[in-house]
Amino acid sequence: QVQLVESGGGLVQAGGSLRLTCEASGSIFSIDSMRWMRQAPGKQRDLVAIISRTGSTMYEDSVKGRFTISRDNAKNTVYLQMNSLKPEDTAVYSCNADIYSTLNSGRSTYWGQGTQVTVSS
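Note that the structure is a prediction, hence the values are computed from the model and not measured.

Thresholds applied
Numbers given to residues run from 1 along each chain, matching the order in which its sequence is written. Residues qualify for local features only when their pLDDT is at least 70, as the model is predicted, and side-chain atom pairs are given and counted only at 80 or more; totals for whole chains, interfaces and linings, by contrast, use all residues. With hydrogens and water excluded, all non-hydrogen atoms of the structure serve as input to the side-chain values. Buried Ala, Val, Leu, Ile, Met, Phe, Trp, Tyr and Cys residues that are joined via side-chain atoms within 4.5 Å together make up what is termed a nonpolar core. Partly exposed describes any residue whose relative accessible area lies between the buried limit of under 20% and the exposed limit of over 50%, with all areas from a 1.4 Å probe on protein chains only and scaled to the type maximum. Only DSSP runs of H or I covering at least 4 residues are called helices, and only runs of E covering at least 2 are called strands; the numbering of each starts at the N terminus. Should any heavy atoms of two residues lie within 4.5 Å, those residues are counted as being in contact. By definition, two strands form a pair when at least two bridges between them are found by DSSP. Every angle, taken between N-to-C directions, lies between 0 and 180 degrees, and every axis is a line fitted to C-alpha atoms, over only the stretch in contact when it is a helix. The definition used for a disulfide is geometric: two cysteine sulfur atoms within 2.5 Å. Pairing of N or O atoms within 3.5 Å defines a polar contact, subject to two protein rules: one partner must be a possible hydrogen donor and the other a possible acceptor, and residues neighboring in sequence count only if both atoms are side-chain atoms. Pairing of aromatic rings covers Phe, Tyr and the six-membered ring of Trp, with a centre-to-centre limit of 6.5 Å; geometry is then stacked below 30 degrees between planes, edge-to-face above 60, and tilted otherwise. We call a charge positioned above a ring when the Lys NZ or Arg CZ atom is no farther than 6 Å from the ring centre and deviates by at most 35 degrees from the ring normal.

Trainee: Tell me about the nonpolar core, and name the residues and values.
Mentor: The biggest cluster of nonpolar side chains holds 30 residues, and the ones touching the most others in it are L4, W36, L80, M82, Y93 and I99. Counting residues per element, the ones that place at least two in this core are β1 (2–7), β3 (18–26), β4 (28–39), β5 (45–51), β7 (67–72), β8 (77–82), β9 (91–101) and β11 (115–120). With 5 residues, the single largest contributor to this core is β9. Here L80 is in contact with L18, R19, L20, W36, V48, A49, F67, T68, I69 and Y93, once residues within four sequence places are set aside.

Trainee: So, the sheet that holds β8: which residues are in play, and what are the values?
Mentor: Pairing is antiparallel across the open sheet formed by 4 strands, whose spatial order is β1-β3-β8-β7. For this open sheet the edge positions go to β1 and β7, each flanked by a neighbour on one side alone. Across the sheet, the mean angle separating the axes of adjacent strands is 15° when strand polarity is ignored. Bridge count between β3 and β8: 6 bridges; the pairing is antiparallel. Across the sheet, the residue bridging to E23 is T77, located in β8.

Trainee: Let's hear about the state of the cysteines: which residues, and what values?
Mentor: Summed over the entire model, instances satisfying the criterion amount to 1 disulfide. Between the sulfur of C22 and that of C95 lies a disulfide, 1.9 Å long from S to S. In this structure, the disulfide formed by C22 and C95 twists by about 55° around the S-S bond and is classed as right-handed. A residue pair is termed long-range when its members are at least 10 positions apart, and C22 in strand β3 and C95 in strand β9 qualify at 73 residues. Both residues of the pair, C22 and C95, count as buried.

Trainee: An account of the side chain of D98 is needed here, citing residue identities and associated values.
Mentor: By secondary structure assignment, the location of D98 is in strand β9. In terms of polar contacts, D98 uses its side chain to reach the side chain of R35, at 2.6 Å. Each residue touching D98, except ones within four places of it in the same chain, is listed here: S30, I31, D32, S33, R35, R107, S108 and T109.

Trainee: So what's going on with the packing of aromatic side chains? Which residues, and what values?
Mentor: As enumerated under the stated definition, the model contains 0 aromatic pairs in all. Positioned above the aromatic ring of Y79 is the side chain of R19, whose terminal nitrogen or guanidinium carbon lies 4.1 Å from the ring centre. Across from the ring centre of W111, 4.1 Å away, lies the NZ or CZ of R45, which sits over that ring.

It is worth stressing that arrangement in space is one thing and function is another; only the former is reported here.
In structure tokens, the structure reads:
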């Protein structure tokens, strides 16, 4: 089995910073792309940022210049540094990753359980 566990969410004032961490564990052979998604109340889940295995990144327009996605391949971990947070960043943030497991052939996308980020004005 493969598990993804997020941490680092919480309550912060507008203008503040948070760092989210997502660690993958279990029967992992290799990990391709890793992503951070978010879902605000009453809204669809959106892609926030994505990072390839080689470190190429892409961001949703509203977070460009404020959020930074990074990863540590040795630790099977992806991070999201969030600066200059705004109330509209309030959402449940989830990570997912495209993982080759040692238990089966092919690649599957695995999800974490999500962590709440609340930005007060």
